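Structural characterization, general
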Amino acid sequence: MRRFFVALMMLMGATPALADCPLDLGRGTGWVVFSDHYMIAFRPDPVRVEVGEPFALVLNVCTKGGDPAELIAVEAQMPEHKHSMNYKAAIVASPNGRYRAEGLVFHMPGRWEISFDVRAGEESERLSHDIILK
Amino acid sequence: MIRLLLALVLAATAATATGASAQPLLDWTEEEVRSIGRHGPWPPPPVRDPSNRVSGTPSGILLGEHLFNEPRLSGNGKMSCATCHQAGRDWSDGLARAQGVVELDRRTPSLWNVGYSHWFGWDGAGDSLWAQSIRPLLDAREMNGGTERVGTLLRNDRALACGYEKAFGRKPGNDDELLLVDTAKALAAFQATFVSPRTPFDDFRDALLAGDRGAAARYPMSAQRGLRLFIGNASCNACHFGPRFTNGEFGDIGIPFFVRPGEVDSGRLGGLTRLAESPFSLLGKFNDDATGENARRTRHVRRLHTNFGEFRVPGLRQVGRGGPYMHNGSVATLEDVVKHYSEVNPDRLHSDGVPLVRPLALSPDQSADLVAFLRSLDADVPPRPAAPPLCP
């Protein structure tokens, strides 16, 4: 998992275009996912995700064009088994522009696909990211 | 003649040496060692439940032990928690179906390591051990005690009243509902001390992680092969995960839903309904944790149609000492449990993706190995001394 944590820092260094979007969520750890229009930086809290233990995600959502973006939903599923979490994440917007998705639990080891529904104006999109939990 | 004897001794020595050098230890991969490591260490630190003000306190535990064995909590004055959760039967009763005032539809679950759980009961209708402990006290089919009976007993019995005051720092008052909850909290404090002893598996796991091949090799080969299956091809550890060998969640493993013609046990689906309706859940006023942190699962859990027919994944420590098995006691022996997973009907299980439960088609040797591994999760338990008096 530590490999993913450094991904954020590497990506920030290699992509000057992201400099306008505050992707550093502190602690020097996290992941970044992006599409043609959106960029999302996120990190778990606590940093180490354990099987069966609740955790939150701290997120920052940006558009590449600089328009305001909104996080609509965070969901996760195990694509191999086609089952979702037994828990529904609740999203809270922080005054500092970040989001916190609370109440996630990965109840089994294996590959989990986290999906993020984001919106900017009339445009919405789903971005996703895989993590392997051992 | 002497030469012949010498040759025989040398040959015998050589044979012994050969036997000793052939380590009876499987060639475990790094990935496998990592998986095995996740099933420990054991025992974990003692439980401290922030929702329960007497959790982990000696006076709360002692009061709980007396109440656990107290038949006056039941409607007929004959049944206590210990009637079904017997210390000498690994905190269960050995019956296929629990026997309260009437025979119930589910088996009495063992209470080993129950304090480490986050959902309680076969359907997870309880989100704390104390909330779960209220249910059998009140259920008309089980102890049928009633809220008033509990309050009256605590107020009028001198020893229990004294024990209550020691545990909760106040005399039993007139609020029967509060006394019921406090009774359940003391019961929970006691039950949370039921931590199963270390097992042959734990010794193997620790030796393997420490690189002590000699000590690891003392673990029987059949159990090693069974363990390899458990964490490998059989994927038992997808659900039976972690030091307690359970992820604490729920699954449908192909046990029939019907409890009698025309009536089903909906399992987790019904449990979630009861959780939402309960005044004793962690979202209610009796949660002693002001931060609300420990109610996160309750706040975020969701009711899914797939919850129908799901039941709690039981921990596997002491599993070989228990039985009958499954939530309804429908499987008699550990060998039969393995047979169930080997031959489970895939048509009965609904899955859009790769099914978590599928017929394993185990050979007789593989089945025996898996049973040998499961039995290595058992440990003998020393007899319990009698509880000291509440207020000597």
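Computed from a predicted structure; not experimentally measured.

Conventions used here
- Residues numbered from 1 in each chain as written.
- Chains lettered and ligands numbered in written order.
- Predicted model: local features only at pLDDT ≥ 70, side-chain atom pairs only at ≥ 80, totals over all residues.
- Helix = DSSP H or I, 4+ residues; strand = E, 2+ residues; numbered from the N terminus.
- Buried ≥ 20, exposed ≤ 12 C-beta atoms within 10 Å, placed from the backbone.
- Axes fitted to C-alpha atoms, helices over the stretch in contact; angles between N-to-C directions.
- Parallel < 35°, antiparallel > 145°, perpendicular 65-115°, else oblique.
- Left-handed = near helix turned anticlockwise from the far one by under 90°.
- Contact = placed C-beta atoms within 7 Å.
- Nonpolar A, V, L, I, M, F, W, Y, C, P; charged D, E, K, R; others polar.
- Pairing = 2+ DSSP bridges.
- Core = buried A, V, L, I, M, F, W, Y, C linked by C-beta atoms within 7 Å.
- Domains from an automatic or database assignment.
- pLDDT = per-residue confidence, 0-100.

A separate point is the overall build of chain B. Check the secondary structure of chain B and you find 15 helices and four strands. Expressed along its principal axes, the backbone C-alpha trace of chain B runs to roughly 95 × 55 × 40 Å. Counting the 392 residues in chain B, one finds 43% classified as buried.

With that settled, consider the overall build of chain A. Within chain A, the secondary structure is distributed over one helix and nine strands. Traced from its N-terminal end to its C-terminal end, chain A shows the element sequence α-β-β-β-β-β-β-β-β-β. Buried positions account for 33% of the 134 residues belonging to chain A.

Moving on, we come to the packing of helix α2 (residues 30-37) of chain B against helix α9 (residues 200-210) of chain B. All names here are of chain B. Taken N-terminus to C-terminus, the directions of α2 and α9 make an angle of 135°; their axes are 10 Å apart at the nearest point. The pairing of α2 with α9 is recorded here as oblique in orientation. Considering how the two elements wind past one another, α2 and α9 form a crossing that is left-handed. On α9, the residues that touch Val 33, Ile 36 and Gly 37 of α2 are Arg 205, Leu 208 and Leu 209. Partitioning the contact of α2 with α9 into residue classes produces four nonpolar, one polar and one charged.

Next up on the list: the sheet that holds strand β8 (residues 110-120) of chain A. Whenever strands of a sheet pair, they do so through backbone hydrogen bonds, lying parallel or antiparallel. Taken in spatial order, the four strands make up an open sheet running β5-β4-β8-β9 (chain A), and their pairing is antiparallel. Of all strands in the sheet, those bounded by a partner on one side alone are β5 (83-84) and β9 (123-133) of chain A.

Residue Pro 46 of chain A is bonded to the preceding Asp 45 of chain A through a cis peptide linkage, with omega at 5°. Considering the arrangement of structural elements, one finds Pro 46 of chain A in the loop between β2 (38-45) and β3 (55-63). Looking along the chain, the bond that leaves Trp 42 of chain B and enters Pro 43 of chain B is cis, with omega of 0°. Mapped onto the fold, Pro 43 of chain B is located in the loop between α2 and α3 (58-68). Here the phi dihedral of Asp 90 of chain B falls at roughly 55°; this positive angle occurs in a residue that is not glycine. By the secondary structure assignment, Asp 90 of chain B is in the loop between α4 (81-84) and α5 (129-138). Residue classification places Asp 90 of chain B among the buried residues on the basis of 23 C-beta atoms within 10 Å.

To continue, consider the nonpolar core. Side chains that are nonpolar tend, in soluble globular proteins, to be buried together. Ranked by internal contacts, the top residues of the largest apolar core, which has 42 residues, are Leu 63, Ala 184, Ala 186, Leu 187, Ala 188 and Ala 189 of chain B. Excluding its chain neighbours within four sequence positions, the residues that come into contact with Ala 189 of chain B are Asn 52, Val 54, Ser 55, Gly 56, Thr 57, Gly 60, Ile 61 and Gly 64 of chain B. Grouped together as the second largest cluster of nonpolar side chains are 41 residues, Val 32, Leu 57 and Leu 71 of chain A together with Val 301 of chain B included.

Turning to helix α6 (residues 147-156) of chain B, a few remarks are in order. Restricting attention to buried positions, one finds in α6 of chain B the residues Arg 149, Val 150, Gly 151 and Leu 154 of chain B. The secondary structure elements touched by the buried residues of α6 of chain B are α5, α7 (158-168) and α8 (176-191) of chain B.

Okay, the domain arrangement of chain B next. Residue and element names in this part refer to chain B. Taken domain by domain, chain B holds domain 1 (24-43 + 199-254 + 317-381) and domain 2 (47-195 + 268-308). For domain 1 and domain 2, the distance between their C-alpha centres works out to 30 Å. Taken together, the contact pairs twelve residues of domain 1 with 20 residues of domain 2. Here the residues of the side of domain 1 that touches domain 2 are counted per class, giving three nonpolar, six polar and three charged.

The next thing to look at is the sheet that holds strand β7 (residues 99-104) of chain A. All names here are of chain A. Spatially, the five strands line up as an open sheet ordered β1-β2-β3-β7-β6, and their pairing is antiparallel. The outermost strands of the open sheet, each flanked by one partner alone, are β1 (31-34) and β6 (90-93). Neighbour to neighbour, the strand axes of the sheet diverge by 25° on average, direction disregarded. With four bridges connecting them, β1 and β2 associate as antiparallel partners.

A word on the environment of Leu 59 of chain A. Residue and element names in this part refer to chain A. Tracing the sequence through the fold places Leu 59 in strand β3. Of the residues examined, Leu 59 has 23 C-beta atoms within 10 Å and is grouped as buried. Remark: the alpha-carbon pair of Leu 59 and Gly 30, spanning 29 residues in sequence, is separated by 9.4 Å.

Residue and element names in this part refer to chain B. Mean pLDDT over chain B works out to 93, with 94% of the residues at or above the 70 mark. Under a pLDDT of 50 for its full length, residues 4-22 has, in the predicted model, zero contacts with residues more than four places off or in other chains. Our summary of model confidence lists the complex with pTM equal to 0.90 and ipTM equal to 0.87.

On a regular strand, each side chain points to the face opposite its neighbour's, so the side chains alternate between the two faces of the sheet. Residues and elements named next belong to chain A. Along β7, five of the six residues are buried, which leaves the element largely enclosed by surrounding structure. Strand direction decides the pairing type here: β3 and β7, joined by four bridges, are antiparallel. Residue pairing for β7: Phe 55 is matched across the bridge by Leu 104. Bridge count between β6 and β7: four bridges; the pairing is antiparallel.

Looking at chain A as a whole, the pLDDT averages 84, with 79% of positions reaching at least 70. Predicted confidence for residues 1-19 of chain A stays below pLDDT 50, and this span has 19 contacts to residues more than four positions away or in other chains.

Attention now goes to the packing of α3 of chain B against α8 of chain B. All names here are of chain B. The contact between α3 and α8 brings their axes to 7 Å, and the two run at 100°. Between α3 and α8, the angle falls in the class roughly perpendicular. The segment α3 lies against α8, with Gly 60, Ile 61, Leu 63, Gly 64, Glu 65, Leu 67 and Phe 68 engaging Thr 183, Ala 186, Leu 187, Ala 188, Ala 189 and Phe 190.

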